[in-house]
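Structure at a glance
One letter stands for each residue in the lines below.
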Amino acid sequence: MATVPPGIRLLVSFDRDQWYRALTFILTFLLYTSFHLSRKPISIVKSELHKNCSSVNELATIASSGSGQLPSLTSLHTDMDCSWKPFDKRNYKQLLGAMDYSFLCAYAVGMYLSGIIGERLPIRLYLTVGMLTSGLFTCLFGLGYVYNIHNLGFYIFVQVANGLVQTTGWPSVVTCISNWFGKGRRGLIMGLWNSHTSVGNILGSLIAGYWVSSNWGMSFIVPGIIIAVMGVVCFFFLIEHPNDLKSMYAQSSSPGKSVPTKKWTGENGHTEMYMQYEDNKAQSYDTELLLPRDSVCVPMQPVVVVKRESEPSAISFMGALRIPGVIEFSLCLLFAKLVSYTFLFWLPLYITKAAHLDAKKAGDLSTLFDVGGIVGGILAGVISDKLGKRATTCAVMLLLAAPTLYGFSMISEFGLGPTIGMLLVCGCLVNGPYSLITTAVSADLGTHKSLKGNARALSTVTAIIDGTGSVGAALGPLLAGLLSAGGWDRVFYMLMTADFLALLLLLRLVTKELTSTKPRPISAVELKEH
């Protein structure tokens, strides 16, 4: 008899719950990857919406001087024609910043509502609708190129609508992953899982960069189709909570069914109800000892069902704010996300201008920032698990990020090698705290001991923290658009100031962690199912 292959032996060593846990991890990872994949194209396409047409102008000037004629009206407007109206004006940075702001402002406002709504609706259906509509609006932006639309209002409307529907994503996936994974090793698990943000940004950059120079409309249409397809996958396969499976298996494991059939007059004239056991399958030996194969009538005993405790209600907005640490981490994330999203929306354009690269090369190079972000998120999770100090871990990374940002501001003076290194280190230190706060910290606070086991607070707490962070995400790109007109140095001074403020907001929690007399690594806490 042949031996069982080691791969099969490995597969069968995992129990059913572990397989479903792995499915949830992978599926939610892919779902939110598609969200970020659909947000990234705008940062890649910016350099195409307003091109650096100086070389085209020089060629037109040489041609006109060689012919001895005055430049024609067409050559005088070459700079206008090679850019996409209405982004061909001198205030193009403000217009592009306004587009970012419209998306992120809608996202920030919608996030506060999304968590409250998400607590009261089935997560699977809520997330599916959000992904399908997000795919629709992402494709609509790309159709602006296909149908030659030059109305700024159209692009603003699409950005606002897309920002609102994308708020369905984060509270839903964090709630779902937290339902399946308890507090044990949460930092590591969430750090690995949260790399979907950087993976989505990388894929979005590569997809958008492939079409940006030839047909930038496809840079939006393809990601829009991808997120819509993932919405369908979500509808068919997402399991919100382990208890959903338990109820399903409890029903399917019933060997037969019982239906009331007869009434018999018992002793002293009392009427007793009997149940008939109908067996449609072969019975086991143990079952036959209790019930013979022939139909029998089993007397029913009166049973009083006592509800142990009422179903926990969804927490209110003010109730979530009263959870210790929610306000500090929310405000810290505001400034941390301001830095992260400024890089997300403006890094490719900055590399294009500072390093004098074309749109595709700048987009490809900007993915290294996200690679560093993956490492930073995992590193922050592992360290915070080991030490049991989330706030301290974030504070140290924020402290190290400030000088790194200053060094990155001089990218034009570096060669390619140092630039790659700076992108990786900067991505690690900027995205590490952002990743930790939005995942492990949010999950910890959403299941805080003050809630007394009410797991229905998780989506609301997550939405408050990420919604406050999204205010910073909206302000960062807008301020970058305004400040960059006076030089990129101003943008980096703004980023360093935001980084310092984020650090200040954590000082009370850091002091509390460092003076705590009960050091307890989070990794020591056992996994638990809610």
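Residues numbered from 1 in each chain as written. Predicted model: local features only at pLDDT ≥ 70, side-chain atom pairs only at ≥ 80, totals over all residues. Heavy atoms only, no water.

1. Overview of the overall build of the protein
Check the secondary structure of the protein and you find 23 helices and 3 strands. Residues classed as buried in the protein amount to 50% of the 530 residues present. If you take every contact in the protein between residues at least 6 apart in sequence, the share linking residues at least 24 apart comes to 81%. Carbon and sulfur atoms form 66% of the exposed surface of the protein, whose accessible area is close to 25400 Å². (Helix = DSSP H or I, 4+ residues; strand = E, 2+ residues; numbered from the N terminus. Buried < 20%, exposed > 50% of the residue type's maximum accessible area, 1.4 Å probe, protein only. Contact = heavy atoms within 4.5 Å. Areas by Shrake-Rupley, 256 points an atom, 1.4 Å probe, with all protein chains shown as cover.)

2. Overview of the nonpolar core
By size, the foremost hydrophobic cluster in this structure holds 112 residues, and its most contacted members are F343 and L495. In terms of residue count, the dominant contributor to this core is helix 17 (residues 326-355) (16 residues). Not counting the four nearest positions on each side in its chain, L495 is found in contact with L338, V339, T342, F343 and L405. (Core = buried A, V, L, I, M, F, W, Y, C linked by side-chain atoms within 4.5 Å.)

3. As for a nonpolar patch on the surface
Residues V4, I8, L10, L11, V12, F14 and W19 make up a contiguous nonpolar surface patch of roughly 660 Å² in combined accessible area. As for its position among the elements, V4 is in the segment before helix 1 (6-12). (Patch = residues over 30% accessible without salt bridge, like charges linked within 9 Å, V, L, I, M, F, W, Y side chains within 5 Å. Salt bridge = Lys/Arg side-chain N within 4 Å of Asp/Glu carboxyl O.)

4. Focus: the packing of helix 3 (residues 41-49) against helix 13 (residues 218-237)
Direction vectors running N to C along helix 3 and helix 13 enclose 170°, while the axes themselves pass 10 Å from each other. On the basis of their axis angle, the class for helix 3 and helix 13 is roughly antiparallel. Side by side, helix 3 and helix 13 meet where P41, I42 and V45 of the first sit next to S219, F220 and P223 of the second. For the contact of helix 3 with helix 13, the class distribution of residues is 5 nonpolar, 1 polar and no charged. (Axes fitted to C-alpha atoms, helices over the stretch in contact; angles between N-to-C directions. Parallel < 35°, antiparallel > 145°, perpendicular 65-115°, else oblique. Nonpolar A, V, L, I, M, F, W, Y, C, P; charged D, E, K, R; others polar.)

5. Regarding helix 13
Counted at 1.5 Å a residue, the expected span for helix 13 with its 20 residues is 28 Å, and the 28 Å between its end C-alpha atoms agrees. Regarding helix 13, the residues found buried are S219, F220, I221, V222, P223, G224, I227, M230, G231 and C234. Buried residues along helix 13 sit in contact with helix 2 (16-39), helix 3, helix 8 (123-146) and helix 12 (196-211). (Expected span 1.5 Å × (residues − 1).)

6. Observations regarding the environment of G204
Tracing the chain through its elements places G204 in helix 12. Each C-alpha atom of the pair G204 and P223 lies 7.2 Å from the other, and the pair is 19 residues apart in sequence. Beyond its immediate chain neighbours, meaning those up to four positions away, G204 contacts L37 and K40.

7. Some details on the packing of aromatic side chains
What the rule picks out here adds up to 23 aromatic pairs. Seen in terms of ring centroids, F343 and F369 are 4.6 Å apart; in terms of plane orientation they differ by 10°. Their pairing is stacked. Of this pair, F343 sits in helix 17 while F369 sits in helix 18 (residues 359-387), and the two are 26 residues apart along the sequence. Taken individually, F343 and F369 each receive the classification buried, so the pair is uniform in this respect. Members of the aromatic cluster, each reached through a chain of ring pairs, are W84, F87, F141, Y145, F154, Y155, W216 and F220. For R124, the ring lying beneath its charged end belongs to F235, and the centroid distance is 4.9 Å. (Phe/Tyr/Trp six-rings, centres within 6.5 Å; stacked < 30°, edge-to-face > 60°. Lys NZ or Arg CZ within 6 Å of the ring centre and 35° of its normal.)

8. Let's talk about the packing of helix 2 against helix 13
Where helix 2 meets helix 13, the axes come as close as 9 Å, and the angle between the chain directions of the two elements is 155°. Judged by the angle between their axes, helix 2 and helix 13 are roughly antiparallel. Judged by the sense of rotation from one axis to the other, the crossing of helix 2 with helix 13 is left-handed. On helix 13, the residues that touch L23, L27, L30, L31, S34, F35, L37 and S38 of helix 2 are P223, I226, I227, M230, V233, C234 and F237. (Left-handed = near helix turned anticlockwise from the far one by under 90°.)

9. A word on the side chain of E240
In this structure, E240 sits in the loop between helix 13 and helix 14 (242-252). Although E240 is buried, it forms no salt bridge, and the closest oppositely charged side chain is R124 at an N-O distance of 4.9 Å. Separated by 3.1 Å, the side chain of E240 and the backbone nitrogen of I123 make a polar contact. Leave out the neighbours within four places in its chain, and E240 touches P122, I123, R124, C176, N179 and W180. (Lys, Arg positive; Asp, Glu negative; His and termini not counted. Polar contact = N/O pair within 3.5 Å; in protein donor to acceptor, adjacent residues only side chain to side chain.)

10. What about unusual backbone geometry?
Look at the link from K85 to P86: it is a cis peptide, with omega at 10°. Looking at the secondary structure, you find P86 in the loop between helix 6 (78-81) and helix 7 (92-118). Positioned with a positive phi, N148 is a non-glycine residue whose angle comes to about 55°. With respect to the helices and strands, the residue N148 is situated in the loop between helix 8 and helix 9 (152-165). Assessed through its relative accessible area of 48%, N148 is described here as partly exposed.

11. Comments concerning the state of the cysteines
Scanning the model with the defined rule gives 0 disulfides in all. In this structure C332 is not part of a disulfide, and its nearest cysteine sulfur, from C394, lies 6.2 Å away. On the accessibility criterion, C332 (0% relative accessible area) is buried. In this structure C426 is a free cysteine whose sulfur lies 9.9 Å from that of C428, the closest cysteine sulfur available. (Disulfide = S-S within 2.5 Å.)

12. What about the confidence of the model for the protein?
Residue-level pLDDT values for the protein average 78, and 75% of them are 70 or greater. Taken element by element, the predicted model of the protein shows its lowest mean pLDDT in helix 5 (residues 73-76) (38) and its highest in helix 13 (96). Overall, residues 257-296 carries pLDDT values under 50, and its contacts beyond four positions in sequence, including any with other chains, amount to 57 contacts. Within the model, the stretch residues 303-310 combines pLDDT values under 50 with 0 contacts to residues more than four positions away or in other chains. (pLDDT = per-residue confidence, 0-100.)

13. Some details on the pattern of salt bridges
Side chains that differ in sign of charge can pair as their charged atoms come close. In total, this model carries 5 salt bridges according to the counting rule given. When the shortest N-O distance is used, the salt bridge between D88 and K89 registers 4.0 Å. Take K89: its relative accessible area is 42%, and that puts it in the partly exposed class. Of the charged contacts, one joins K337 and D466 as a salt bridge, the two residues approaching to 2.7 Å between their closest N and O atoms.

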